[in-house]
Amino acid sequence: MMPFFDARFEQSATPFYLYDEQEIRENARRFLGAFAWHEGFRNYFAVKATPNPHILGILRDEGMGMDCSSTAELALTARIGMGGEDVMFTSNNTAASDFMLAREMGAIINLDDGGHLPFLAECAGLPDLISFRYNPGRQKTGNAIIGRPEEAKFGMPREQLFAAYAAARDAGVTRFGLHTMVASNELDNAYFVETAALLFELVASLTAQLGIRFEFVNLGGGLGIPYRPSQQPIDPQIISEGIKQAYQTIIVANRLSPLKLLMECGRYVTGPHGYLVTRVRHVKRAFKTFVGVDASMHNLMRPGMYGAYHHITVPAKAHLPHDQVVDVTGSLCENNDKFAIDRPLPPLERGDVLVIHDTGAHGHAMGFNYNGKLRSAEYVLRPDGTITLIRRAETLDDLFATLMN
Ligand SMILES: *Cc1c(COP(=O)(O)O)cnc(C)c1O
């Protein structure tokens, strides 16, 4: 609960993001440690969640690969010295220029559609190793963020996979992987075990039918975090145990070749360890009470975009009764620009500091400039207690830099 919010921040310009490096490292070690039984386990951190080279460098040092979906994300990983099969390229509706950079970097390419195979061959040449993204359709229920699998734009139905791997094999591809991602922010441990079993079975069928050998399955990201205080965190140990059993009964028992087990988690890795810090600007009493803060939806889009809950605390008033029911709002000319609706908080006044929790993933990254709003700075709290600026706040000059007159 942000125990470190202290006098060091009293004078800081708000809003800003703060990431806790020690927490990120400890969480990464717990997560990876849960899968220590499998030497081929690796998490490729979803760069889009927290695309800051300082944070990516921490995760690289903890042993993670990087999962990218665009030229900019590939360029960021190259900037921290990563390439080759430390990088997974999982994109959709992909531009030729994206494929060209991914090939140049030697990244593992995960195709969203069979039709992308000839496109990739044409624009960048085929690599030895190809993965395809599976969409299980009605076999899985999906969830609110990604939606029902058969309505989702991602991945390929089962029958198409057979044809796509055969085409890849016939075109000279010799190494294969299989990917899926059907849920986002999922808190049910069993969900990930079922998904792994589904992929293991599919690998067994594809191997039997096509005579190709799979090197990995990639379960995608989607491990959830408890945004609400009432929610239970997932338990990587339970997920790992379940996957281990499925691996034994489907892969080992059928004498299939060993499979690396890959994931692409972003949110679970950094989400709980980032905080958006903002100050109260005005308290307005109309039909409701609106606590206007100096951050807006352009700093954190999740509540406005998905109705997502983010816990909010007031460090200096934590001991007071939370007996005021208020909407916490930004200053965009959009009524969904609210960080909380009907939230019980202590009595607030101008200058009070609010901390918006669990913003370490898909927070700053989703920022935008509508209404000419500027994206905030990012800081990291280092394990030695010092604070480092890892991205300065935008200025009006940044905003106007692309204008031609
Ligand atoms: C967004 C995304 C991820 C990361 O999702 P999290 O919810 O942050 O774990 C991983 N893989 C793909 C393909 C994605 O689109």
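Residues numbered from 1 in each chain as written. Predicted model: local features only at pLDDT ≥ 70, side-chain atom pairs only at ≥ 80, totals over all residues. Heavy atoms only, no water.

Break down the overall build of the chain for me, citing the residues and quoting the values.
Broken down by element type, the chain carries 11 helices and 17 strands. Relative to a compact globule of 405 residues, whose C-alpha radius of gyration would be 22 Å, the chain shows 23 Å and is just as compact. A principal-axis box enclosing the C-alpha atoms of the chain has dimensions of 70 × 55 × 45 Å. Looking at the chain as a whole, 55% of its 405 residues qualify as buried. (Helix = DSSP H or I, 4+ residues; strand = E, 2+ residues; numbered from the N terminus. Rg over C-alpha atoms; globule rule 2.2 N^0.38 Å. Buried < 20%, exposed > 50% of the residue type's maximum accessible area, 1.4 Å probe, protein only.)

Account for the sheet that holds strand β7 (residues 175-180), with residues named and values stated.
In space, the eight strands of this closed barrel follow the order β2-β3-β4-β5-β6-β7-β8-β9, with parallel pairing throughout. Averaged over all adjacent pairs, the angle separating strand axes in this sheet is 25 degrees, with direction ignored. Looking at chain direction, strand β2 (residues 41-46) and strand β9 (residues 260-263) are connected through three bridges and run parallel. Bridge assignment links Arg42 to a residue of β9, and that residue is Leu262. (Pairing = 2+ DSSP bridges. Axes fitted to C-alpha atoms, helices over the stretch in contact; angles between N-to-C directions.)

Break down the side chain of Ser376 for me, citing the residues and quoting the values.
Within the fold, Ser376 resides in the loop between β15 (353-356) and β16 (377-381). In contact with Ser376, not counting residues within four places along its chain, are Pro15, Phe16, Tyr17, Asn299, His364, Arg391, Arg392 and Ala393. (Contact = heavy atoms within 4.5 Å.)

Lay out the site of the ligand with the relevant residues and their values.
Near the ligand, the surroundings consist of 14 residues, among which Lys48, Gly222, Glu264, Arg267 and His362 are the closest. Take Glu264: an N or O atom from its side chain is 2.5 Å from a nitrogen atom of the ligand. For the ligand, an oxygen atom lies 2.8 Å from a polar atom in the backbone of Arg267. Protein coverage of the free-state accessible area of the ligand, which is 390 Å², stands at 90%. Residues belonging to the shell around the ligand are distributed by class as follows: three nonpolar, six polar and five charged. (Near = heavy atom within 4 Å. Polar contact = N/O pair within 3.5 Å; in protein donor to acceptor, adjacent residues only side chain to side chain. Areas by Shrake-Rupley, 256 points an atom, 1.4 Å probe, with all protein chains shown as cover. Nonpolar A, V, L, I, M, F, W, Y, C, P; charged D, E, K, R; others polar.)

Tell me about a nonpolar patch on the surface, residues and numbers included.
A surface patch of nonpolar side chains, about 310 Å² in accessible area, is lined by Leu396, Phe400 and Leu403. Secondary-structure assignment places Leu396 in helix α11 (residues 396-400). (Patch = residues over 30% accessible without salt bridge, like charges linked within 9 Å, V, L, I, M, F, W, Y side chains within 5 Å. Salt bridge = Lys/Arg side-chain N within 4 Å of Asp/Glu carboxyl O.)

Could you give me a rundown of the packing of aromatic side chains, with the residues and numbers involved?
Per the stated rule, a full pass over the model turns up 15 aromatic pairs. Residues Tyr191 and Phe192 carry aromatic rings whose centres are separated by 5.9 Å and whose planes lie at 70 degrees to one another, so their mutual orientation is edge-to-face. Taken together, the ring pairs connect Phe31, Phe35, Phe41 and Tyr268 into an aromatic cluster. In this structure, Arg42 packs its charged tip against the face of Tyr44, placed 5.4 Å from the ring centre. (Phe/Tyr/Trp six-rings, centres within 6.5 Å; stacked < 30°, edge-to-face > 60°. Lys NZ or Arg CZ within 6 Å of the ring centre and 35° of its normal.)

Before we move on, can you summarise the nonpolar core with the specific residues and values?
Counting 101 residues, the largest nonpolar core has Phe31, Phe132, Tyr165, Leu178 and Phe200 as its most contacted members. Of the residues forming this core, the biggest block, 13 residues, is contributed by helix α7 (residues 189-210). (Core = buried A, V, L, I, M, F, W, Y, C linked by side-chain atoms within 4.5 Å.)

Describe empty space enclosed by the protein, listing the residues and the values that go with them.
Throughout the structure, instances matching the rule amount to two cavities of 30 Å³ or more. Its boundaries defined by the atoms lining it, the largest cavity holds a volume of some 50 Å³. Among the elements that take part in the lining of the largest cavity, α7 stands out by supplying three residues, more than any other. Class assignment of the residues belonging to the lining of the largest cavity gives a composition of six nonpolar, three polar and no charged. (1 Å grid on protein atoms, 1.4 Å probe; cavity = no way out; pocket = protein on both sides within 12 Å on 5 of 7 lines; lining within 4 Å. Points joined across faces, edges and corners; volume = space filled by probe spheres on them.)

Give me the state of the cysteines: which residues, what numbers.
Under the defined criterion, the tally for this structure stands at zero disulfides. Cys68 supplies the cysteine sulfur nearest to Cys265, a cysteine that is in no disulfide, at a spacing of 15 Å. Residue classification places Cys265 among the buried residues on the basis of a relative accessible area of 0%. (Disulfide = S-S within 2.5 Å.)

For unusual backbone geometry, give the residues involved together with the corresponding values.
Here the residue pair Thr14 and Pro15 is connected by a cis peptide bond, since its omega of -5 degrees sits within 30 degrees of zero. The residue Pro15 is located in the segment before β1 (16-20) in this model. The phi dihedral of Arg255 falls on the positive side, at around 55 degrees, and the residue is not glycine. Position of Arg255 relative to the elements: it lies in the loop between α8 (236-252) and β9. In this structure Arg255 comes out as exposed when scored by relative accessible area, which is 77%. Positive phi, close to 50 degrees, is recorded for Asp342, a residue that is not glycine. Mapped onto the elements, Asp342 comes out in strand β14 (residues 338-345).

Outline the layout of surface pockets, listing residues and values.
By volume, the second largest pocket is sized at about 410 Å³. In terms of lining, the second largest pocket is formed by 20 residues, of which the most central are Ile225, Pro226, Pro272, His273 and Asp358. Among the elements that line the lining of the second largest pocket, the one with the most residues is helix α1 (residues 21-34), at four residues. Its residues assigned to classes, the lining of the second largest pocket comprises 10 nonpolar, five polar and five charged.

So, the packing of α1 against helix α2 (residues 53-61): which residues are in play, and what are the values?
Axis separation between α1 and α2 bottoms out at 10 Å; the angle between their running directions is 35 degrees. α2 is crossed by α1, and the crossing has right-handed handedness. Contact residues: α1 offers Glu21, Ile24 and Arg25, while α2 offers His54, Ile55, Ile58, Leu59 and Asp61. Looking at the contact of α1 with α2 residue by residue, the class counts come to four nonpolar, one polar and three charged. (Left-handed = near helix turned anticlockwise from the far one by under 90°.)

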